[in-house]
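A look at the structure
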Amino acid sequence: MKKLPPVALFGIVGLAFILVGLLQSWTLAITILNDGLIVAIMALGVNMQWGYAGLFNIGVAGFFALGGLAVALVSQPVDPAAWAAGTPRILMALVFGAAVIWAGVQTYNRMAAGRLRTLAMLVLLVGGFFLFRAIYDSAANAVEALTPAATGNIGGLGLPVVLSWLVGGLLAAVAAWGVAKTALGLRSDYLAIATLGIGQILIAVMKNEDWLDRGVKNITNVGRWPVPYEVDLQQNAAFIARAKAWGMDPQTLSTIWVGLCFTALFTVVLLVLLVLMELALKSPWGRMMRAIRDNEIAAEAMGKDVKRRHLQIFVLGSAVIGVAGAMFVMLHGLLAPTSYDDPLRYTFLIWAMVILGGSGNNWGSVLGALIIMLMWDEAEGMGQFLASHLDMLPSVISGNAAVSKWVVDNAVYTRLPVIGLVLLLVLRFSPRGLIPEK
Amino acid sequence: MTFLIGEKMTGGYGPVDILHDCTLAVDKGQIAVIVGPNGAGKSTAMKAVFGMLKLRGGQVRLDGEDITALSPQDRVAKGMAFVPQTHNIFTSMTVEENLEMGAYLRRDDIKGTMEQVYHLFPILKQKRRQPAGELSGGQRQQVAVGRALMTQPKVLMLDEPTAGVSPIVMDELFDRIIEVARTGISILMVEQNARQALNIADMGYVLVQGANRYTDTGEALMADPDVRKTFLGG
Amino acid sequence: MVDFLNAIVALLNYVIVPATSYGAQLALGALGVTLIYGILRFSNFAHGDTMAFGTAITILVTWLFQSWGIGFGPLPTALLALPFGIAVTALLLLGTDRMVYRFYRRQKAAPVILVIVSMGVMFIMNGLVRFVIGVQEQNFADGARFVITATQFRNLTGLDEGLAVRTSTVITVVTAVIVVAALFWFLNKTRSGKSMRAFSDNEDLALLSGINPERVVMITWLLVAALATTAGVLYGLDKSFKPFTYYQLLLPIFASAVVGGLGNPVGAILGGFVVAFSEVTFTYAWKKVLTYLLPASLAPDSLVQLLSTDYKFAVSFAILVVVLLFKPTGLLKGKSV
Ligand SMILES: Nc1ncnc2c1ncn2[C@@H]1O[C@H](COP(=O)(O)OP(=O)(O)OP(=O)(O)O)[C@@H](O)[C@H]1O
Ligand SMILES: [Mg+2]
């Protein structure tokens, strides 16, 4: 099969977005584009880990959620009541917990193997665990008891939300470092299972620790500076005048304008990352990564520190995913921890993007992300579309109320088999993806 | 009358040929031995004869029939058996199960053949309920040979059956192999212990870099001063 | 003494009985994963969805039977429907193998490629399950709910604590024992079963012995269909059916298979129980049992729950990591491709 050049492929995708804008609505096109830019960044992170280094991370959703958490912690107003009630004690407990684990690792490494060491570890860890719980439980409860309907969590730092992108990356990096330290030595599919586990645990923590992020009660007041709010625009005289001049109603224009602001912001981030990653890939470091991926044993024999390189790239890739997570929460103005509990959407979909685009190729990952997001989001409206165009369907369906209801209700799920099919077809007929690695 | 012959075989694992016009043959009820330095392509030649390697040239004939295109399984059905150099037993299965798996293609009663194998290798009967992976190196080789014999083959191919085996056990094994040959089974075998092997060989092949260097009766090769000097250590 | 008995009963009721039935369900799930790993040599991420699919079909057939007025007395109708669920799942798996996996097998593709391929299959099966039955929770258990209720037990023994034994628990354990016994009989005593073990042990030598790999693979998928559907139906009878929950079972099931040693059927069973018992032990509030056992002055006032049930994944995960760090091939020797 002859391959289209990348420019043409991006052109086709661009055209598809324009078609969505013309045929459906520009708001929708921009919404999908913004989602697409975010998942493109996630895909870059996964591509770093898998494409550059062959590391199998399927805990993507967890790192992504962690990035979202950063938004809450950075941008929420400082909550003095929570600080008075228990925030310091919670922090202390966490530091204490970390210290116990550190001490445990030290004991394990320093002491000679034997019954004594087992005993010491047991006492340390079990004792440490109960002490931790003693400090932590009461403090967490105290914080959660504060005006639970409105806050009930530790609040944040009251800083500009854009900062959370960095913090999100940082949080994800720290978590990834922990995972990498324990699990990176494992074989690829074991590592995959381990990352799946970590991802689920991270999300479980965010769902259940109300003091942290209000859990299922969600956080909405996250801010979006420098992007303006629609309501503010709609009350701005100059803006209304401009909308009039362009013959649009201010409401629509404000949505589009806000969307475009996000698009611009995200595009800048994406491009910066792309450039950095391309540079890294072409540097000696990138060449070494690929050498390690292609033949780990040979690279090791040549004196490359494979484990260290893997650690580096795992942490970096996860950090990129964390950045995307922070951007995502900022875009939607909502941190909803439960929503992350969907590995299909937040982990495996990203994998499909990387594979479709071409493992190891950054541009490919971006392309794959835009295509798959388009398919995914378009399917969202399919039920509605079918419902309003029932007469276009064969009479077997439109004639029978139960059948047509079933079709309308289930239309959205067609995206799952479709994506699966795309993935399988790519793997089978074009395993190097749309834009193969050079 | 040549029973099995791989004639002018050329081929390898990838684009590079390992075998170059290599010919190996064995007559009915005789023993043919292949010797040569490490990496000469002995194992590769055996795989080629057994259909585990794509040949780019040459052919393999069994009893006059061209079998070059047959898969290894089909060759088993035709009466060939092969004991590879490594990984030649099912380590997690008992000795008896190993033998049963050897006879997988047979639908008749295999009790008699199994008794014959036990008769040939009495130690296996003692250990028949033990996982083969727990046996000693020599015992494992016996299991491997026994497994191959279970199909009641007409030709038995052995790739270094005495690898990692003490001299005493090695002599034992050679005796058993001669015994097998006496029953009319042709034996094509690769051996590292060239002297002993050529001693019992009707035909000997010296392979170097994937090509026949010397081909003669075992006796003649043993007598040839060049062969002695380079391959038999004087 | 009575306190001691009460403690034992409470322990049985809240820890041992639930963990046993959960462990049996995990073991059956893990057996499927481990068989696929042993024969086809990859970790199948579509296994949770396979379980969900088999269960969904079984539920549909159950509803059909119920609408015809067919029941199974005190036992759940689903048990009658189970063979149908297995059959349809087997067809699906064989079809998938023919259309998807076989190609890669012929190519001798790296295991990690097959893992990614199984992701694609996972998407498709996930969608399929939603089409078949939707995403909502379904309760399809009928028949008698309890073999003995807590009240009956209390009246019977005069203890304060009750021991409730649910029908689903008994069915789970009995079915699991039967299925496992049949599986092991098959693997150890039949020609086909032995050829599977041989293939798993040493693929090349199996080929040299004339074992037909396609046949081995086919039998494997049939067994996997039976194991996965049975595991799914038992889990659904015990708790309830919800596609997403089944999807999430992937982690504890993988943990069980890996902890026991991937590719090792006995290991899968051991792993299932290790994971189940740890999960329940860590997430159970021990206050009740301790109150019975300790003198009043020492009685705990907190729940003595080591972890909230929301963190049960953490337990599977922790066991997984600890075992892998110290015994990389699992508790019983697994294979490493
Ligand atoms: N599976 C394989 N793939 C690629 N090359 C191989 C493979 N097996 C062997 N070779 C190469 O083929 C050549 C011949 O190897 P072969 O195993 O046939 O040698 P041999 O004569 O049996 O040696 P030995 O006495 O050590 O068993 C070697 O150069 C080896 O590197
Ligand atoms: Mg060799």
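Residues numbered from 1 in each chain as written. Chains lettered and ligands numbered in written order. Predicted model: local features only at pLDDT ≥ 70, side-chain atom pairs only at ≥ 80, totals over all residues. Heavy atoms only, no water.

1. Thoughts on the environment of Val112 of chain C
What counts is decided by this rule: Under the DSSP-based scheme used, a helix requires at least four consecutive residues in state H or I and a strand at least two consecutive residues in state E, with every element numbered from the N terminus. Should any heavy atoms of two residues lie within 4.5 Å, those residues are considered in contact.
Secondary-structure assignment places Val112 of chain C in helix α4 (residues 111-133). Residues Val112 of chain C and Phe140 of chain C, spaced 28 residues apart in sequence, show a C-alpha to C-alpha distance of 37 Å. In this structure Val112 of chain C touches Trp50, Phe56 and Ser188 of chain A, once residues within four positions along its chain are discounted.

2. Focus: the sheet that holds strand β1 (residues 2-11) of chain B
Residues and elements named next belong to chain B. In plain terms, the rule: Only when DSSP finds a minimum of two bridges between them are two strands counted as paired. Axis lines are fitted through C-alpha atoms, for helices just across the contact stretch, and the angle between N-to-C directions can take any value from 0 to 180 degrees.
Taken in spatial order, the 4 strands of this open sheet run β2-β1-β4-β5, and their pairing is antiparallel. Across the chains shown, the open sheet's two edge strands, defined by having one partner strand only, are β2 (19-27) and β5 (65-66). Two strands pair when backbone bridges link them, and β1 and strand β4 (residues 55-62) are joined in this way by 6 bridges, in the antiparallel orientation. The residue of β4 that forms the bridge with Gly6 is Val60. Each of β1, β2 and β4 touches helix α1 (residues 42-50); the most contacted strand, β2, lies at about 70 degrees to it.

3. Focus on helix α7 (residues 163-183) of chain A
An α-helix turns once every 3.6 residues. As a result, residues three or four positions apart point the same way. All names here are of chain A. Where we set the bar: Helix span, expected: 1.5 Å multiplied by one less than the number of residues in the helix. Accessibility here uses a 1.4 Å probe with only protein chains present; expressed as a share of the type maximum, an area under 20% marks a residue as buried, one over 50% as exposed, and anything in between as partly exposed.
In this model α7 runs 30 Å from its N-terminal to its C-terminal C-alpha over 21 residues, within 8% of the 30 Å that 1.5 Å per residue would give. Those residues of α7 lying buried are Ser164, Trp165, Gly168, Gly169, Ala172, Ala173, Ala175, Ala176, Val179, Ala180 and Ala183. Among the structural elements, α3 (60-75), α8 (188-208), α12 (250-282) and α15 (306-332) are those in contact with the buried residues of α7.

4. What about α15 of chain A?
All names here are of chain A. Taking 1.5 Å as the rise per residue, α15 with 27 residues should run 39 Å; its terminal C-alpha atoms sit 39 Å apart, in good agreement. Of all 27 residues in α15, 22 are buried; the element is thus mostly enclosed. Positive phi shows up at Gly333, right after α15, with a value of about 65 degrees.

5. Some points on the interface of chain B and chain C
Much of the literature gives interface size as the accessible area that the parts lose upon coming together. Counted only if it meets this: Once two parts are brought into contact, the accessible area they lose, counted with a 1.4 Å probe and summed over both, makes up the buried area. What counts as a salt bridge is simple: a side-chain nitrogen of Lys or Arg found within 4 Å of a carboxyl oxygen of Asp or Glu. The definition of a polar contact used here is a pair of N or O atoms within 3.5 Å, where within protein one atom must be able to donate a hydrogen and the other to accept one, and adjacent residues in sequence count solely through side-chain atom pairs. Ten residues, namely Ala, Val, Leu, Ile, Met, Phe, Trp, Tyr, Cys and Pro, are considered nonpolar, four, namely Asp, Glu, Lys and Arg, are considered charged, and the remaining ones, Gly among them, are considered polar.
If you look at the interface, chain B gives 23 residues, while chain C gives 18 residues. Regarding the contact of chain B and chain C, the summed buried area is about 1,800 Å², with carbon and sulfur atoms giving 54% of it. Interface area lost by chain B to chain C is led by Gln73, Phe90 and Tyr104 of chain B, which between them contribute 38%. Counting the contacts that link chain B with chain C gives 2 salt bridges. Counting the contacts that link chain B with chain C gives 8 residue pairs in polar contact (both at pLDDT 80 or more). Counting only elements with at least two residues in the side of chain B that touches chain C, the list comes to α2 (72-77) and α3 (95-102) of chain B. Among the elements that take part in the side of chain B that touches chain C, α3 of chain B stands out by supplying 4 residues, more than any other. Residues of the side of chain B that touches chain C, tallied by class, amount to 12 nonpolar, 6 polar and 5 charged.

6. What to know about the coordination of the magnesium ion (ligand 2)
The test is simple: The rule for donors is simple: an N, O or S atom within 2.8 Å of the metal counts, and for Na, K and Ca the reach is 3.2 Å. Water is not among the atoms, so a site may look short of donors.
In the first shell of the magnesium ion (ligand 2), the protein supplies Ser43 of chain B (OG) and Gln85 of chain B (OE1), at 1.9 to 2.1 Å from the metal. Of the two residues, Ser43 of chain B is situated in helix α1 and Gln85 of chain B in the loop between β6 (80-83) and α3; the sequence distance between them amounts to 42 residues.

7. Side note on the confidence of the model for chain C
What counts is decided by this rule: pLDDT expresses, on a scale from 0 to 100, how confident the predictor is about each individual residue.
Per-chain confidence: chain C averages 91 in pLDDT, with 99% of residues scoring 70 or above. In the predicted assembly, ipTM is 0.92 and pTM is 0.92.

8. Brief notes about empty space enclosed by the protein
Residues and elements named next belong to chain A. Our working rule: A cavity here means a set of 1 Å grid points, computed over protein atoms only, where a 1.4 Å probe fits but cannot escape. A pocket is an open set with protein on both sides within 12 Å along at least 5 of 7 lines, and lining residues have an atom within 4 Å of a point. Grid points are joined across faces, edges and corners, and a volume is the space filled by probe spheres set on the points.
Enumeration over the complete set of coordinates arrives at 3 cavities of 30 Å³ or more. The space that makes up the largest cavity amounts to roughly 70 Å³. Every residue along the wall of the largest cavity is listed here: Ile58, Gly59, Val60, Ala61, Leu196, Gly199, Gln200, Ile203, Asp341, Pro343 and Thr347. Those elements giving two or more residues to the lining of the largest cavity turn out to be α3, α8 and α16 (343-357).

9. Quick notes on the packing of α3 of chain A against α15 of chain A
All names here are of chain A. This is how it is decided: Roughly parallel here means an angle under 35 degrees, roughly antiparallel means over 145, roughly perpendicular means 65 to 115, and every remaining angle is called oblique. For any helix crossing, the convention is left-handed if the near helix is rotated counterclockwise from the far helix by under a right angle, and right-handed if that rotation is clockwise.
At their nearest, the axes of α3 and α15 sit 6 Å apart, and the two run at 55 degrees to each other. Relative to α15, the element α3 is oriented oblique. Note that α3 runs across α15; the crossing there is right-handed. Between α3 and α15, the residues in contact are Val60, Phe63, Phe64, Gly67, Gly68 and Val71 and Phe314, Ser318, Ile321, Gly322, Ala324, Gly325, Ala326, Phe328 and Val329, respectively. Its residues placed into classes, the contact of α3 with α15 shows 10 nonpolar, 5 polar and no charged.

10. Observations concerning the side chain of Thr10 of chain B
Residue and element names in this part refer to chain B. Note on placement: Thr10 falls in strand β1. Residue class for Thr10 comes out buried when judged on its relative accessible area of 14%. For Thr10, the side chain forms a polar contact with the main-chain nitrogen of Asp21, separated by 3.1 Å. Look past the residues within four positions of Thr10 in its chain and what remains in contact with it is Asp17, Leu19, His20, Asp21, Leu55, Arg56 and Gly57.

11. Comments concerning the sheet that holds strand β7 (residues 155-159) of chain B
Residues and elements named next belong to chain B. In spatial order, the strands read β6-β7-β8-β3-β9-β10; together these 6 strands make up an open sheet with mixed pairing. The open sheet has two edge strands, β6 and β10 (211-217), and neither has a second partner. The average angle at which neighbouring strand axes cross in this sheet is 15 degrees, direction not considered. Of the strands in this sheet, β3 (31-35), β6, β7, β8 (186-190) and β9 (203-208) are in contact with α1, which crosses β7 at around 150 degrees. In the packing of helix α7 (residues 167-182) onto the sheet, the strands contacted are β3, β7 and β8, and the crossing angle to β8 comes to about 150 degrees.

12. A short note on a nonpolar patch on the surface
Residues and elements named next belong to chain C. Applicable threshold: Surface patches are defined over residues having more than 30% relative accessible area and no salt bridge, joining like charges when they lie within 9 Å and nonpolar side chains (Val, Leu, Ile, Met, Phe, Trp, Tyr) when within 5 Å. The accessible surface values rely on the Shrake-Rupley method and a 1.4 Å probe; as for residues, cover is taken only from the protein chains in view.
Together, Met1, Phe4, Leu5, Ile8, Leu293, Leu294 and Leu298 line one region of the surface with nonpolar side chains, adding up to about 670 Å² of accessible area. Among the elements that take part in the nonpolar patch, helix α1 (residues 2-40) stands out by supplying 3 residues, more than any other. Counting through the fold element by element, Leu293 comes out in helix α13 (residues 287-293).

13. Describing the nonpolar core
Threshold: Throughout this description, the term nonpolar core refers to a set of buried Ala, Val, Leu, Ile, Met, Phe, Trp, Tyr and Cys residues connected via side-chain atoms within 4.5 Å.
Of all hydrophobic cores here, the largest spans 262 residues; its most connected members are Phe56 and Trp351 of chain A together with Leu4 of chain B. With 16 residues, α15 of chain A is the single largest residue contributor to this core. Leaving out residues up to four positions away in the same chain, Leu4 of chain B has contacts with Leu24, Ala25, Val26, Val49, Val60, Arg61, Leu62, Met80, Val155, Met157 and Leu188 of chain B. The next biggest cluster of nonpolar side chains, apart from the first, holds 46 residues, and it includes Leu173, Phe174, Ala197 and Leu198 of chain B.

14. What to know about the interface of chain C and chain A
In this complex, chain C contributes 46 residues to the contact, which on the side of chain A involves 46 residues. Interface area, chain C with chain A, both sides summed: about 4,300 Å², of which 75% is carbon and sulfur. Interface area lost by chain C to chain A is led by Phe123, Phe131 and Tyr311 of chain C, which between them contribute 18%. Counting every contact that joins chain C to chain A gives 0 salt bridges. The interface formed by chain C and chain A includes 7 residue pairs in polar contact (both at pLDDT 80 or more). For the side of chain C that touches chain A, the elements supplying multiple residues, two or more each, are α3 (78-107), α4, α10 (243-248), α11 (250-260) and α14 (312-326) of chain C.

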